[in-house]
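# Observations on the three-dimensional arrangement
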Amino acid sequence: MPAVRPNTAVRATRALQQKSKQSSTTSVRPFSATARALSSHGPQFDPPTGWLFGVKPGEKYQKEGWENSFFYGFCGSIAVAAIAYGFKPDTSIQTWALEEARRRLEAEGILEDPDKKK
């Protein structure tokens, strides 16, 4: 059985066509209960001025209040992360396996204990 019966689809199409002929001043939106709204909020285009960052040559750039805190906070957090990464403990499986093999060999007497004084 088809998902949409042909008779139902034909009737719905004819009803929409008749409805659009009756109200030709409004747009037909068969799958929406709300009126069509435009998404534009006005012109958003700033015409180019030709100056880099809008600062004319010879004028001094004035920093905004948030720029210093953003710069030092961002660079400081990267420095802290780099230092923390350097002191991160080694949790790899290879390091654990090497230490475990060394402990077992020392326990069996095959390998000498490096901390043991002669």
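Keep in mind the model is a prediction, meaning the values are calculated, not measured.

### Focus on the overall build of the protein chain
Looking only at helices and strands, the protein chain has three helices and zero strands in total. In sequence order, the secondary structure elements of the protein chain are arranged as α-α-α. Across the 118 residues that make up the protein chain, the buried fraction comes to 2%. Total accessible area on the protein chain is roughly 12000 Å²; 60% of this is exposed by carbon and sulfur atoms.

### Describing the packing of aromatic side chains
This structure, assessed with the given rule, holds three aromatic pairs. Ring geometry for Phe71 against Tyr72: centres 5.2 Å apart, planes inclined by 75 degrees, an arrangement best described as edge-to-face. The exposure class assigned to Phe71 is partly exposed, which follows from its relative accessible area of 48%. Ring pairing ties together the aromatic residues Trp66, Phe70 and Phe74, which thus form one cluster.

### A look at helix 3 (residues 93–108)
Counted at 1.5 Å a residue, the expected span for helix 3 with its 16 residues is 22 Å, and the 22 Å between its end C-alpha atoms agrees. Within two residues after helix 3, Gly109 carries a phi angle of roughly 90 degrees, on the positive side.

### Things to note about the environment of Trp51
Take Trp51: it is sitting in the loop between helix 1 (6–22) and helix 2 (65–86). Take Trp51: its relative accessible area is 38%, and that puts it in the partly exposed class.

Rules and cut-offs
Within each chain, residue numbers correspond to sequence positions counted from 1 in written order. Local features in this predicted model are restricted to residues of pLDDT 70 or higher, and side-chain atom pairs are both shown and tallied only at a pLDDT of 80 or more, whereas totals for entire chains, interfaces and linings draw on every residue. To obtain the side-chain values, all non-hydrogen atoms of the structure were used and water was disregarded. Secondary structure elements follow DSSP: runs of H or I no shorter than four residues count as helices, runs of E no shorter than two count as strands, and numbering proceeds from the N terminus. Residue exposure (1.4 Å probe, protein chains only): buried if accessible area is under 20% of the type maximum, exposed if over 50%, otherwise partly exposed. Computed with the Shrake-Rupley method and a 1.4 Å probe, the accessible areas treat only the protein chains shown as cover for residues. Centres within 6.5 Å make a pair out of two Phe, Tyr or Trp rings, where for Trp the six-membered ring is used; the pair is then stacked when the planes are under 30 degrees apart, edge-to-face when over 60, and tilted otherwise. A helix is expected to span 1.5 Å multiplied by its residue count minus one.

Taken by themselves, the reported measurements are silent on function.
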